[in-house]
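Here is how the chains run, residue by residue.
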Amino acid sequence: SLNASLGLANDAKGSVQASTDGRDVAAGKKWATQASIDQLRAVIDVQQIVASRTTATQNEVDAAQKIVDDALKAFSDMMNTASPSTVALASAVAEAGAAAKVPMVSVDGKDVAHGKTWCKVTSLSDLNDAIDDAQAIVDAVAAAARNRAVSDTSQNGVDAGLTALNTALTTF
């Protein structure tokens, strides 16, 4: 029926997040462009008028339902599922983890043999915190892929984690 089709269209419209490229959408979540959402909304609004008219003929109702069904199919074809890449972040976690194992901890380096790498405990702690935070993002994206999102699992969130880790590694 037309009302059922309008309900499905409204549900579809409400189940997506508007985004230009999906980078700001959590992993596993549906998104579509604002233009696509607006197009579906316009079809719903116009065909809702037909559905609410008590004088609408069956041909008008059937035509309206076809328009809604076609618009819903087109919208479904335009929907995307966010799937951020954590490859660079996971690689940076491994690199930072290896770097964190190399130095000796010292207050001023005077107690470290010549030629040996050393760092202050606060620098090592900051790096380890950044590694833990970045690993949590990698884990959250994996969890979101299994429908258990727990933090910002958008590509922007992954990129922010990579930037924070790289900054910590550079500072280290």
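Quick notes on the rules
- Residues numbered from 1 in each chain as written.
- Predicted model: local features only at pLDDT ≥ 70, side-chain atom pairs only at ≥ 80, totals over all residues.
- Heavy atoms only, no water.
- Helix = DSSP H or I, 4+ residues; strand = E, 2+ residues; numbered from the N terminus.
- Expected span 1.5 Å × (residues − 1).
- Buried < 20%, exposed > 50% of the residue type's maximum accessible area, 1.4 Å probe, protein only.
- Arc of directions from axis to C-beta.
- Contact = heavy atoms within 4.5 Å.
- Axes fitted to C-alpha atoms, helices over the stretch in contact; angles between N-to-C directions.
- Parallel < 35°, antiparallel > 145°, perpendicular 65-115°, else oblique.
- Left-handed = near helix turned anticlockwise from the far one by under 90°.
- Nonpolar A, V, L, I, M, F, W, Y, C, P; charged D, E, K, R; others polar.
- Salt bridge = Lys/Arg side-chain N within 4 Å of Asp/Glu carboxyl O.
- Pairing = 2+ DSSP bridges.
- Core = buried A, V, L, I, M, F, W, Y, C linked by side-chain atoms within 4.5 Å.
- Polar contact = N/O pair within 3.5 Å; in protein donor to acceptor, adjacent residues only side chain to side chain.

### Concerning helix H1 (residues 2-14)
No. 1: Over its 13 residues, H1 runs 18 Å from end to end, which matches the ideal 18 Å to within 8%, given 1.5 Å per residue.
No. 2: Listed as buried for H1 are Leu2, Ser5, Leu6, Ala9 and Ala12. Viewed along the axis of H1, the buried residues span an arc of 125 degrees, placing them on a single side of the element. Exposed residues lying more than 90 degrees from the buried face of H1 are Asn3, Leu8, Asp11 and Gly14.
No. 3: Where H1 is buried, its residues contact helix H2 (34-52) and helix H3 (58-78).

### What to know about the packing of helix H4 (residues 87-100) against helix H6 (residues 155-171)
No. 1: Two elements in contact, H4 and H6, have axes separated by 10 Å at closest approach and are oriented at 20 degrees. As far as their axial angle goes, H6 and H4 are roughly parallel. In this structure, the crossing between H4 and H6 has a hand that is left-handed. Along the contact surface, H4 presents Ala88, Leu89, Ala92, Val93, Glu95, Ala96 and Ala99, while H6 presents Val158, Gly161, Leu162, Leu165, Asn166 and Leu169.
No. 2: Taken together, the residues that form the contact of H4 with H6 break down as 10 nonpolar, 2 polar and 1 charged.

### Some points on the pattern of salt bridges
Two side chains that carry opposite charge are able to pair once their charged atoms sit near each other.
No. 1: Across all of its chains, the model carries 5 salt bridges by this definition.
No. 2: Lys110 is the partner of Asp108 in a salt bridge, and the nearest nitrogen-oxygen pair spans 4.0 Å.

### A short note on the sheet that holds strand E1 (residues 17-18)
No. 1: If you trace the 3 strands from one edge of the open sheet to the other, you get E1-E2-E3, paired in mixed fashion. Pairing within the sheet leaves two strands with one partner each, and these edge strands are E1 and strand E3 (80-81).
No. 2: Sheet topology note: the E1/strand E2 (residues 30-32) ladder contains 2 bridges and is parallel. Bridge assignment links Ala18 to a residue of E2, and that residue is Ala32.

### Looking at the nonpolar core
No. 1: Among the nonpolar cores identified, the biggest contains 21 residues, and Leu89, Ala96, Leu127, Ile131 and Leu165 are the most heavily contacted of them.
No. 2: Only H4, helix H5 (121-145) and H6 provide two or more residues apiece to this core.
No. 3: Ranked by the residues each element gives to this core, the list is headed by H5, at 9 residues.
No. 4: Every residue in contact with Leu89, bar those within four places of it in the chain, is listed here: Ala134, Ile137, Val138, Val158, Gly161, Leu162 and Leu165.
No. 5: In terms of nonpolar packing, the next biggest core, distinct from the first, is built from 16 residues, Ala9, Ala32, Ile37 and Phe75 among them.

### Topic: the side chain of Ser106
No. 1: Here Ser106 shows up in the loop between strand E4 (104-105) and strand E5 (118-119).
No. 2: For Ser106, a relative accessible area of 6% puts it in the buried group.
No. 3: Polar side-chain contacts of Ser106 include one of 2.8 Å to the backbone nitrogen of Gly109.
No. 4: Each residue touching Ser106, except ones within four places of it in the same chain, is listed here: Asp111, Val112, Trp118, Cys119, Lys120 and Val121.

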